[in-house]
Amino acid sequence: MTLVLRTTDHTTEPAPVLPALLAGTDPLLHLQKETHPADGPGATRCLSHPHELALGGIPVMCSRCRARRDWLLINHGRNVWVCCRCGDQWLEPEISRADFDALIGTPDVTNYPSVEQALTALGFDGAFAGTYLA
């Protein structure tokens, strides 16, 4: 027995394709992104640290205002920056990402659209220069 393919002149139209949502317009994905804390290697995280910091036994002091406590630590990738209330900030190579993770004690997370808005909201933009809020 031989299989013979039959051809026909009858054409079928493809099923209609539903329009796909543009990337980033799904409201559920947008809500999920807003309510989950940023994580992963590309995330920028901020941590308020009201106590003194000692790196290698030497207390950290702001070079601009001489503050010794009430810091904001910012972690992005492997780097950690230290921010003072006077608005001064510097990259601190002595603090690793693992050290930053060890300092996180509470799971309370507030997401900010940018680092600049986080600095303003948390009072580390220079508005409280010379003031300890702890």
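Below is a short write-up of the structure. The residue count restarts for each chain, going from 1 along the sequence in the order it is written. Residues qualify for local features only when their pLDDT is at least 70, as the model is predicted, and side-chain atom pairs are given and counted only at 80 or more; totals for whole chains, interfaces and linings, by contrast, use all residues. With hydrogens and water set aside, each side-chain value is computed from the structure's full complement of heavy atoms.

## Quick look at the overall build of the protein
Part 1 of the reasoning: Comment: elements are numbered from the N terminus, with helices defined as DSSP H or I runs of at least four residues and strands as E runs of at least two. In terms of regular secondary structure, the protein is built from three helices and six strands.
Part 2 of the reasoning: Ordered by position from the N terminus, the helices and strands of the protein form the series α-β-β-β-β-β-β-α-α.
Part 3 of the reasoning: Counting over 134 residues, the protein shows a buried share of 23%.
Part 4 of the reasoning: Contacts between residues were defined by any pair of non-hydrogen atoms, one from each residue, lying within 4.5 Å. For the protein, the proportion of contacts with a sequence separation of at least 24, taken over those separated by at least 6, is 55%.
Part 5 of the reasoning: If you sum the accessible surface of the protein, you get close to 10,300 Å²; carbon and sulfur atoms cover 57% of it. Exposure is judged per residue with a 1.4 Å probe applied to protein chains only, and the accessible area is read against the type maximum: over 50% gives exposed, under 20% gives buried, and values in between give partly exposed. Only the protein chains shown count as cover for residues, with accessible areas throughout obtained via the Shrake-Rupley method and a probe of 1.4 Å.

## Here we look at the packing of aromatic side chains
Part 1 of the reasoning: Paired rings are identified among Phe, Tyr and Trp, the last through its six-membered ring, by centres lying within 6.5 Å, and are further divided according to the angle between planes into stacked (under 30 degrees), edge-to-face (over 60) and tilted (the rest). In this structure the tally under the stated criterion is one aromatic pair.
Part 2 of the reasoning: The ring of F124 carries the charged tip of R85 above its face, separated from the ring centre by 4.0 Å. Lysine NZ or arginine CZ positioned within 6 Å of the ring centre and within 35 degrees of the ring normal marks a charge as sitting over the ring.

## Overview of unusual backbone geometry
Part 1 of the reasoning: Positive phi, normally seen in glycine, also occurs at R66, with a value near 70 degrees.
Part 2 of the reasoning: Judged by relative accessible area, R66 falls into the exposed class, the value being 53%.
Part 3 of the reasoning: Not every positive phi belongs to a glycine, and D70 is a case in point at roughly 65 degrees.
Part 4 of the reasoning: Within the fold, D70 resides in the loop between strand 3 (58–59) and strand 4 (71–76).
Part 5 of the reasoning: Look at D70 and you get buried, because its relative accessible area is 2%.

## Thoughts on the sheet that holds strand 4
Part 1 of the reasoning: The strand order across the open sheet formed by four strands is 1-4-5-6, and the pairing between neighbours is antiparallel. Every interior strand has two partners, whereas the edge strands, strand 1 (44–49) and strand 6 (89–91), have only one. The sheet shows a mean angle of 20 degrees between the axes of neighbouring strands, taken without regard to direction.
Part 2 of the reasoning: Where strand 1 meets strand 4, six bridges bridge the pair, whose relative direction is antiparallel. Two strands pair if DSSP finds at least two bridges between them. Angular values range over 0 to 180 degrees, each being the angle between N-to-C directions of two axes fitted as lines to C-alpha atoms, with helices fitted over their stretch in contact.

## Some thoughts on the pattern of salt bridges
Part 1 of the reasoning: By convention in these notes, a salt bridge is any Lys or Arg side-chain nitrogen within 4 Å of a carboxyl oxygen on Asp or Glu. For the coordinates displayed, the defined rule picks out two salt bridges.
Part 2 of the reasoning: We note a salt bridge from R45 to D101, for which the minimum N-O separation is 2.5 Å. With R45 in strand 1 and D101 in helix 2 (residues 97–103), the pair connects residues that are 56 residues apart, well separated along the chain.
Part 3 of the reasoning: Residues D70 and R85 are paired through a salt bridge, measuring 2.8 Å at the closest nitrogen-oxygen approach. On the criterion of sequence distance, the pair formed by D70 in the loop between strand 3 and strand 4 and R85 in the loop between strand 5 (79–83) and strand 6 is long-range, its members being 15 residues apart.

## Comments concerning the pairing of strand 5
Part 1 of the reasoning: Taken together, the five bridges between strand 4 and strand 5 define a ladder with antiparallel strand orientation. Within the sheet, the bridge partner assigned to H76 lies in strand 5 and is N79.
Part 2 of the reasoning: Connecting strand 4 to the next strand, strand 5, in antiparallel fashion are two residues, including G77 with a positive phi near 65 degrees.
Part 3 of the reasoning: Two elements, strand 5 and strand 6, share three bridges in a ladder whose sense is antiparallel. In the strand pairing of strand 6, W81 is matched with L91.

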